There are 4 protein chains.
Amino acid sequence: MAVQRKLRMGMVGGGPGAFIGPVHRIAAELDGKIELVAGAFSQSPERSRAAGEMYKLDPARAYADYKAMIEAEKKRSDAIDFVAIVTPNHLHMPVAVAALEAGFPVMSDKPATATYAEAVDLEKAVAKSGLPYGLTHTYAGYSMVREMRHMVASGKLGKVRKIAVEYLQGWLSNPIETSGQKQASWRSDPAQSGAGGCIGDIGTHAFHLTEYVTGLKVVGVNASLLSVVPGRKLDDDCTALLRMDNGAQSVLMTSQIAAGERNDMRLRVYGEKGSLEWHQEDPNRLSVKWLDGPEEIRHAAAGYLSDDARAVTRLPGGHPEGYLEAFAVLYREFSDALIAWQDSHTASLPSTLPSIEAGVRGMRFIDRAVESSKKQSWVEF
Amino acid sequence: MAVQRKLRMGMVGGGPGAFIGPVHRIAAELDGKIELVAGAFSQSPERSRAAGEMYKLDPARAYADYKAMIEAEKKRSDAIDFVAIVTPNHLHMPVAVAALEAGFPVMSDKPATATYAEAVDLEKAVAKSGLPYGLTHTYAGYSMVREMRHMVASGKLGKVRKIAVEYLQGWLSNPIETSGQKQASWRSDPAQSGAGGCIGDIGTHAFHLTEYVTGLKVVGVNASLLSVVPGRKLDDDCTALLRMDNGAQSVLMTSQIAAGERNDMRLRVYGEKGSLEWHQEDPNRLSVKWLDGPEEIRHAAAGYLSDDARAVTRLPGGHPEGYLEAFAVLYREFSDALIAWQDSHTASLPSTLPSIEAGVRGMRFIDRAVESSKKQSWVEF
Amino acid sequence: MAVQRKLRMGMVGGGPGAFIGPVHRIAAELDGKIELVAGAFSQSPERSRAAGEMYKLDPARAYADYKAMIEAEKKRSDAIDFVAIVTPNHLHMPVAVAALEAGFPVMSDKPATATYAEAVDLEKAVAKSGLPYGLTHTYAGYSMVREMRHMVASGKLGKVRKIAVEYLQGWLSNPIETSGQKQASWRSDPAQSGAGGCIGDIGTHAFHLTEYVTGLKVVGVNASLLSVVPGRKLDDDCTALLRMDNGAQSVLMTSQIAAGERNDMRLRVYGEKGSLEWHQEDPNRLSVKWLDGPEEIRHAAAGYLSDDARAVTRLPGGHPEGYLEAFAVLYREFSDALIAWQDSHTASLPSTLPSIEAGVRGMRFIDRAVESSKKQSWVEF
Amino acid sequence: MAVQRKLRMGMVGGGPGAFIGPVHRIAAELDGKIELVAGAFSQSPERSRAAGEMYKLDPARAYADYKAMIEAEKKRSDAIDFVAIVTPNHLHMPVAVAALEAGFPVMSDKPATATYAEAVDLEKAVAKSGLPYGLTHTYAGYSMVREMRHMVASGKLGKVRKIAVEYLQGWLSNPIETSGQKQASWRSDPAQSGAGGCIGDIGTHAFHLTEYVTGLKVVGVNASLLSVVPGRKLDDDCTALLRMDNGAQSVLMTSQIAAGERNDMRLRVYGEKGSLEWHQEDPNRLSVKWLDGPEEIRHAAAGYLSDDARAVTRLPGGHPEGYLEAFAVLYREFSDALIAWQDSHTASLPSTLPSIEAGVRGMRFIDRAVESSKKQSWVEF
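In this report, we go over the structure that sits alongside the text. Keep in mind that what you see is a predicted model, and the values were worked out from it rather than measured. (Residues numbered from 1 in each chain as written. Chains lettered and ligands numbered in written order. Predicted model: local features only at pLDDT ≥ 70, side-chain atom pairs only at ≥ 80, totals over all residues.)

## Some words on the overall build of chain A
Working step 1: Along the backbone of chain A there are 12 helices and 14 strands.
Working step 2: Radius of gyration (C-alpha) of chain A: 20 Å, near the 21 Å computed for a compact globule of 381 residues.
Working step 3: In terms of its C-alpha atoms, chain A occupies a principal-axis envelope of roughly 60 × 50 × 40 Å.
Working step 4: The buried share of chain A, taken over its 381 residues, is 63%.
Working step 5: Residue pairs at least 24 apart in sequence account for 69% of intrachain contacts in chain A once pairs closer than 6 positions are excluded. (Helix = DSSP H or I, 4+ residues; strand = E, 2+ residues; numbered from the N terminus. Rg over C-alpha atoms; globule rule 2.2 N^0.38 Å. Buried ≥ 20, exposed ≤ 12 C-beta atoms within 10 Å, placed from the backbone. Contact = placed C-beta atoms within 7 Å.)

Here you go:
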């Protein structure tokens, strides 16, 4: 039977100055099913302790490093139920493996690892552990993304013929990584970020969304990765043509030097009978355009939406939900899976929640895009 | 010194089927400073207990009624720090007074009471208690509302000349209150809702936003209240001309029979030099139009915004925040005020947080609008 | 049989510096059925001659005043077929009467006259003449306005319950009439403009659109006219509640001191089952919101539109048409009516083209709104 | 000295059923400087005669073919001043050469010819003739396109780093060319359309807009042309990466199988300091996004726009202009150039009007894109 208490989360990463740590905390707790109780928030013990205070935790559970957290928590009767990983990319793999080996399910920020090889190894570690492992491809949590996914699967658009996905930011238009901006520094450093810059940081979201919404798989990639800002080590702009397994072509465009853009992710899916258009910055609306008939604007929380879409909203129509709420959907689905696992010891994630398989494909995408760009030609996926 | 723990909230109302209870829970807890620990969620003990389970509370703290909660909590060493009131309108006053008299600060849903006379009495009770009392006029929590307020106060628009505020919904286009829809039933019942229907439920939000953003006070009202749906006891559509204390005129239009609208609140403020336009359903954008110069779109979380606006966002630009986040801003400001009061025993709310004064003015507005509509003429405020 | 030549237009007004003269010329000629051949473009003979050159007319047909034009043209074998009136308001009546008495059909800019009494007289003159008389309420020529009109008439929205019409401009935010701006000067001068300022200039458009789209008639008015800019003689801001003959209420808001607005006319019509929203500045889209079902965006020139809407577009979907094209629709309908009259000597305008009846109602509206505002109460229409 | 009459236009193509013929007629005549007086509207004499009646021409000037028109007009004292070519692509070249050889300046629809080789020859013919030759890349006539061009040239955005241009239509989602739809038939037939389908029909517009607005030249192309609809002979979907001569990359995406799209051309230009975004379907607005500062929406006809942008609007702000007005700007500029040539016998087009040079580049683009797509690799431009 399901526990009658909140699930306990231990977080690795997310200390002072981090953007994504507090986001995970809010998202995890938003639906009232999880509480943050422990963490190894920083590689600096003082900073980890300070973060613990900020989160109003028991000081004893603000650990100096993730190994200490795992060791100590294993022994507690009120131990954490799972580990949330919110570090820079290069730590995703070692933390995840350590947690899984200690018997803790894992909810990890994306990308799953820093390299494709690591991802393959991690996939094995997850399989071996038999534990739930979720990946926070945030955008999969939006209600309208669920509606798009439902519409494609239902066949209402006919065969998918063309996809256009964009993820444009402008915040790396200047070389701010050279002046100590923390978020920019690790993302621009191959040692912490991996082989992909922009393509790893946000291109993987765009890639994931493409496969997630259409149910199609990428089978070929022709990418052009550029480092537009002089001196930058990793790509900050990427365009890729993707060949899907049904023959459709997808155009993926992502950039972090698109001056003036904030977080402009948008997806368009063209089928034989109609098309979908969604913008992350205006997430509660979905445009559905038909070959014969008026354009439809579907609004989040409306009664006419699919069950899939309606299952993940909390408010009546016209009350905007946003990024945190989408994020929280993934935590809610993870918590349900985790409770089921605690009951049955069978790890089974819903298909709506990105898993290690999605993580491996995302890392493969980075790998293949980098290869294609070097060769200036198509490569098999 | 500030407490190193989360503040404990006891909720009255918000049981199964309620819309606003879970909203208050999420909003209160979102910033990690408050936790829901007790409640009298329903006038039915079983339903209150069920709600306690849903919220994963200690069963002993899911009370059968608010009086029981107040009595029991007073005696606990880990007593609640404040009471949140989320009942239908007619209970706002008795619960608030009981809580204040027992020494508990109050965070109340709007409107403050069911009648103007009650509001005046409640204002006295708040003053007598010396305790913090906050009112959740949600829209005051949006970052772009804070930006508008700042812009008007800064004089950048020149003198305010004209205001247009709208709050349009369509969900009462049919007489659903006659078929048992819970939300519609109490709102359409004068005994539970008070003298105002639409004007009380959402018109008060529009009224509050007008004064909140412009810093002006309404001094005259010419209102037309209609019950458009046959058989409806209270107004479901209202238009009012408002005379502001600087001579400007405001047009307030609100309806719950605007078929097809969801929660379409929008505010336009026209000054001598330019104007502001904001839509609640697209809350992270603010249009600023100048007499001489391009229209500006200001985006939430941008570096160029006022400190007032920036203080109440949690995410980088382009990551949408919504209704729950705005609501949470009010709880955050209330929690800060409450901690200060616990330290100093001086109740001082920030001017950004709607208080009992705003509550009294809101009830006065309903009273004056009803009077004006009956007389079909202007009335003094 | 219909003439196998273009109809010949003689214009009164529209000389150098005028905005609306060239607009009428373009609109009249756009569909290839009319050509401007003569004019009395200014009360200054030199300016009239200069305008004739600009329009590349035979110099002999650039007349010094409208009486001269009418006299001379009557005698020509290639005489003008009709007179277009584009002067300031106070000349509409005398020019129209002179033209009609000389046997020339008339296409007049709005409002029909400068006063209500004049309009009543003009209506008689039109009836007596038996000639076609059209009024250029431009917005009636937009395809999406025709679609709205069709949708209301078809009953798809159910009974109309509420209307909100706005027409907001900001160009009179400063007293530019005092510094010689020609457009502002005559509009702000009661002697040239009549009793209405803003309400006459643009409020009449909003009033007309309301009746035109809904097919309802205004039966009561409660208006508030303001002169916001110090020293201005006529109103520059007006709000009016309108009672329609089916019991619905309309809120009409118009202003010329709405700083930052350009020509923001928008109409919303709420029925029992759904609603319409249209913005003149984005004229090729129509939002249709349903109580149960997705919002629809109908796009101009689409195959699914009504015949009424499709009849008045010239381009495939996605090729924007605008103000001039809408204007040209009225001239096209007038030219068809004129040809029919030349064939049959029966003047019969299509119901889609605003006529003297609309002109009389528009002048009545100004009259009633001014009266209501003085009395600060409802008046019968 | 400039002629004091309208210029006389003879049109080739544009008979019954044609879309673009009436568009050229309206555009040419809109500004009152040109009149259509003659034409060879169809390869069928009866259809040409019928078109002449529709256009209300002298029946003697509705010719059976373009050669007859050129011969006959040469002999008239009131001969046409220039020839407008609006035929399917394969006739552009022979008609243009015949006209130029007979001494008639030419205004041609795009693309300039059916093949690159023809374009090179035509360029020589134009040079030899010394006559004005204009090309109607319509979108160059929009005021906001002029504003973008001005902004890039002025350096306000800094160096251009990235361009994204799209032109999406959905009307060829089904193989309508097989059922006799005239517009689809010739566009899908290599014999009439040339080597490019979608890329020739609309891709050339996107290509032109890119170079026109940025002032940069394409130096390399990597294109993927697809025939998505089974059985279609020419491409109906194309994506191309373009390398610009300053090192920037442009992503060009064009399709005629994007179900639900109408005429969705949009351009985004990213510079070091900010970016531009413009949508043809909403042409009177231009979004300017800055790295540091609010997004700006610039509105057509505003006083703050560049002289370049202001020179090509006819109406005050808020009065929408559209496709026909943009088209008319090109004819206006052509007519001014033609008058200057008549005065001075020096053919000098303003840089704002697309010329044969743009035509050659457009044909080169088709040629290079087809080549690149065959090779599946980058090619030099």
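## Some thoughts on the interface of chain B and chain D
Working step 1: Opposite the 10 residues of chain B that make contact, chain D presents 10 residues.
Working step 2: In terms of residue class, the side of chain B that touches chain D is built from three nonpolar, three polar and four charged.
Working step 3: Pairing of strand β13 (residues 295-299) of chain B with strand β13 (residues 295-299) of chain D, which is carried by three bridges, proceeds in the antiparallel orientation. Following the sheet pairing, Glu296(B) is matched in β13(D) by Glu296(D). (Nonpolar A, V, L, I, M, F, W, Y, C, P; charged D, E, K, R; others polar. Pairing = 2+ DSSP bridges.)

## Considering the sheet that holds strand β4 (residues 106-108) of chain C
Residue and element names in this part refer to chain C.
Working step 1: Pairing within the open sheet is parallel, and its five strands lie in the order β2-β1-β3-β4-β5. Since the sheet does not close on itself, it has two edges, and those belong to β2 (34-40) and β5 (133-135), each with one partner. Taken pair by pair, the neighbouring strands of this sheet meet at an average axis angle of 25 degrees, ignoring direction.
Working step 2: One ladder, built from three bridges, connects β4 with β5; its direction is parallel. Bridge pairing links serine 108 to leucine 135 in β5.
Working step 3: Sitting on the sheet, helix α1 (residues 20-30) is in contact with β1 (7-12), β2 and β3 (82-85), with an inclination near 150 degrees to β2. (Axes fitted to C-alpha atoms, helices over the stretch in contact; angles between N-to-C directions.)

## A look at the interface of chain D and chain A
Where interface size is given, it is often the accessible area lost as the parts come together that is meant.
Working step 1: Counting residues at the interface gives 33 residues for chain D and 33 residues for chain A.
Working step 2: Of all the elements in the fold, those that place two or more residues in the side of chain D that touches chain A are β6 (160-168), β7 (218-226), β8 (237-244), β9 (249-255), β10 (264-271), β11 (274-279) and β12 (285-290) of chain D.
Working step 3: Element by element, the count of residues in the side of chain D that touches chain A is highest for β9(D), at four residues.

## Some remarks on the relation of the copies chain D and chain A
Working step 1: Superposition of chain D onto chain A requires a rotation of 180 degrees combined with a translation of 0.0 Å along the rotation axis, giving an RMSD of 0.0 Å. Here the symmetry operator amounts to a two-fold rotation axis. Considering only C-alpha atoms, the residue of chain D closest to the rotation axis is Ser377(D), which sits at 3.2 Å.
Working step 2: Comparing interface residues between copies, 100% of those in chain D also sit at the interface in chain A, which points to an isologous, same-surface contact. (Least-squares fit on C-alpha atoms with pLDDT ≥ 70 in both.)

## Considering the packing of helix α1 (residues 20-30) of chain D against helix α11 (residues 323-344) of chain D
Residue and element names in this part refer to chain D.
Working step 1: Running from amino to carboxyl end, α1 crosses α11 at an angle of 65 degrees, the nearest separation of the two axes being 7 Å. At the point where α1 passes α11, the crossing takes the right-handed sense. Judged by residue contacts, Val23, Ile26, Ala27, Ala28 and Leu30 of α1 engage Leu324, Glu325, Phe327, Ala328 and Tyr331 from α11.
Working step 2: Looking at side-chain class alone, the contact of α1 with α11 contains nine nonpolar, no polar and one charged residues. (Left-handed = near helix turned anticlockwise from the far one by under 90°.)

## Quick look at the sheet that holds strand β5 (residues 133-135) of chain D
Strand pairing in a sheet is mediated by backbone hydrogen bonds. Such pairs are either parallel or antiparallel.
All names here are of chain D.
Working step 1: Strand order across the open sheet formed by five strands is β2-β1-β3-β4-β5, with parallel pairing between neighbours. Every other strand in the sheet has two partners, leaving β2 (34-40) and β5 as the edge strands with one partner each. Taken over all neighbouring pairs, the strand axes of this sheet differ in orientation by 25 degrees on average, direction set aside.
Working step 2: Note: strand β1 (residues 7-12) against strand β3 (residues 82-85), four bridges, orientation parallel. Bridging across to β3, methionine 9 finds its partner in phenylalanine 82.

## Observations concerning the relation of the copies chain B and chain D
Working step 1: Each copy superposes on the other: chain B lies on chain D with an RMSD of 0.0 Å after a rotation of 180 degrees and an axial shift of 0.0 Å.
Working step 2: When the interface residues of chain B are mapped onto chain D, 100% of them again lie at the interface, so the same face is used by both copies.

## Remarks on helix α4 (residues 92-101) of chain A
Residues and elements named next belong to chain A.
Working step 1: Of all 10 residues that make up α4, seven are buried, and the element is covered over most of its length.
Working step 2: The complete set of buried residues in α4 reads His92, Met93, Val95, Ala96, Val97, Ala99 and Leu100.
Working step 3: Buried positions along α4 lie against β1 (7-12), α3 (66-75), β3 (82-85), β4 (106-108) and α5 (116-129).
Working step 4: Two residues or fewer after α4 comes glycine 103, characterised by a positive phi angle close to 95 degrees.

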